[in-house]
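Examining the three-dimensional arrangement
One letter stands for each residue in the lines below.
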Amino acid sequence: MSLMDDELKQALSKNELLSQENDFLKTQLKEQSSSNKKVVFTTTLKGIHLWAGADLKESFDQVYHELPNVSKSSFAQLSASLVKRITRIGLFTLLFAVIPVFLILIQTGILFQQNKKLDIQNDRIQQQVYLEEASRRNNLVFLMDNVLDQVHDELQISTSISKPLIARTQALLYGFRPYRFLEDEILTKPLSPEKGQFLLAIINSGMNKKSIQNVFAASFSNVYLKRANLFGAQLANIDMPDADLSYADLWNVNLTGANLKNSDFTGSQLNNAVLTNADLKGAQLNDATLIKAVLDGAFLEKTQLANSDMRGASLVNVHVDSKDWLQELKDANVLGADDLIATYQVQGPESDEDNKQYFVVSLKQK
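What counts, and where the lines are drawn
- Residues numbered from 1 in each chain as written.
- Predicted model: local features only at pLDDT ≥ 70, side-chain atom pairs only at ≥ 80, totals over all residues.
- Heavy atoms only, no water.
- Phe/Tyr/Trp six-rings, centres within 6.5 Å; stacked < 30°, edge-to-face > 60°.
- 1 Å grid on protein atoms, 1.4 Å probe; cavity = no way out; pocket = protein on both sides within 12 Å on 5 of 7 lines; lining within 4 Å.
- Points joined across faces, edges and corners; volume = space filled by probe spheres on them.
- Nonpolar A, V, L, I, M, F, W, Y, C, P; charged D, E, K, R; others polar.
- Buried < 20%, exposed > 50% of the residue type's maximum accessible area, 1.4 Å probe, protein only.
- Helix = DSSP H or I, 4+ residues; strand = E, 2+ residues; numbered from the N terminus.
- Pairing = 2+ DSSP bridges.
- Contact = heavy atoms within 4.5 Å.
- Core = buried A, V, L, I, M, F, W, Y, C linked by side-chain atoms within 4.5 Å.
- pLDDT = per-residue confidence, 0-100.

The subject of this paragraph is the packing of aromatic side chains. As enumerated under the stated definition, the model contains 3 aromatic pairs in all. Members of the aromatic cluster, joined through ring pairs, are Tyr 179, Phe 181 and Tyr 224.

Written out as structure tokens, the structure reads:
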């Protein structure tokens, strides 16, 4: 019995100690909570002070204390504090707004400098390309002089040239690429003046007809022969599309079977020229003179003939693209159109290998 009493006393003693410790912890928690609230409150007050400013707070306090009769000085002080506060906020806002703009301007400046460097690099690359192209042309001109010297040497012995030399001339022509250049302050279409120089040299070399035909097996496309003198030249079956023969002297020239697609004959003299079976599709013959020119069997689809002179021209079996082609010549102010209308008629349509329709000019039956 005495042992149980001792154990009960010990338990009550421990319980009392635990109760005291619990009370002590509660007291500490209350003090900590109160301290946290004070910190939050103090921080909030400091934030309000920072945002509103001490002057503005004092001005409001002064106005509240004087209500309802607020003095002018208190009202003026409040107004000044408000203006000052708004100005300060505006400056901060402006600062935060300006910083991104400033960063964007810096980035734009960096991009501009990079683009400028790229432009400089592109210009240098372009200059390098031009220099390489100029060097290539100089080499070809030197080679052309060499080939023409060999042609001259062989023609001293015979009127024909050897097959190896013919092959060299054809290879040389292949290397003459067309390019644009300024003419009368206007950029031309891609043309090759070097091909024009070479052609003039060949037809005036005294070479016989067979050798010339062998040389002409190569293409003279995009050749530049503006205002060239080709009087009586034998150019039968020559491949010369997209050429510039404007204002050229082509009297009595033989262009039988020549490929002259999209070539420019503006203002050229083609009197008595033979253009039998020549392909003149898309060619420009505006203001050209074709008096007594032979165009029998020529292809004149989409050929421009405005203001040309076709008096006495022969048009038997000419291929055209309209049933009213003869009347269209008259509408285009072509000289001799009335006589052509009285002499010829347009028949068709017919179809070619590609199933494209065309019309044929023929003599009227008497």
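The structure having been displayed, the exposition proceeds.
Within this model, the largest pocket holds a volume of roughly 320 Å³. In terms of residue class, the lining of the largest pocket is built from 2 nonpolar, 3 polar and 8 charged.

Of all 7 residues in strand β5 (residues 357–363), 5 are buried; the element is thus mostly enclosed. The sheet contact formed by strand β3 (residues 319–320) and β5 spans 2 bridges and is antiparallel. Paired with His 319 across the strands is Val 360, a residue of β5. Sheet analysis places strand β4 (residues 344–351) next to β5, joined by 6 bridges and oriented antiparallel. Its bridge partner being in β5, Glu 350 is matched across the sheet by Tyr 358. In sequence, β4 turns back onto β5 through a hairpin of 5 residues, with Asn 355 there showing a positive phi of about 60°.

This part is about the side chain of Thr 169. If you trace the backbone, Thr 169 turns up in helix α4 (residues 163–175). If we ignore the near neighbours within four places in the chain, the residues touching Thr 169 are Val 147, Phe 198 and Val 215.

Before going further, it helps to spend a moment on the nonpolar core. Core analysis: the largest hydrophobic core is formed by 67 residues, its most contacted members being Leu 199, Met 240, Met 310 and Trp 325. Elements represented by at least two residues in this core include exactly α3 (72–155), α4, α5 (193–203), α6 (209–215), α7 (325–331), α8 (337–343), β4 and β5. No other element matches α3, which puts 5 residues into this core. Apart from residues no more than four positions distant in its own chain, Met 310 is found in contact with Leu 290, Leu 295, Leu 305, Leu 315, Leu 329, Val 334, Leu 335 and Leu 340.

In the predicted model, the protein chain carries a mean pLDDT of 83, and 74% of its residues have values of at least 70. The secondary-structure element of the protein chain with the lowest mean pLDDT is helix α2 (residues 54–66), recorded at 61, while β3 shows the highest, at 96.

Right, let's get into the environment of Val 147. Residue position: Val 147 is located in helix α3. For the pair Val 147 and Leu 172, spaced 25 residues apart in sequence, the C-alpha to C-alpha distance is 8.5 Å. Excluding residues that lie within four positions of it along the chain, Val 147 makes contacts with Leu 165, Arg 168, Thr 169, Leu 172 and Phe 198.

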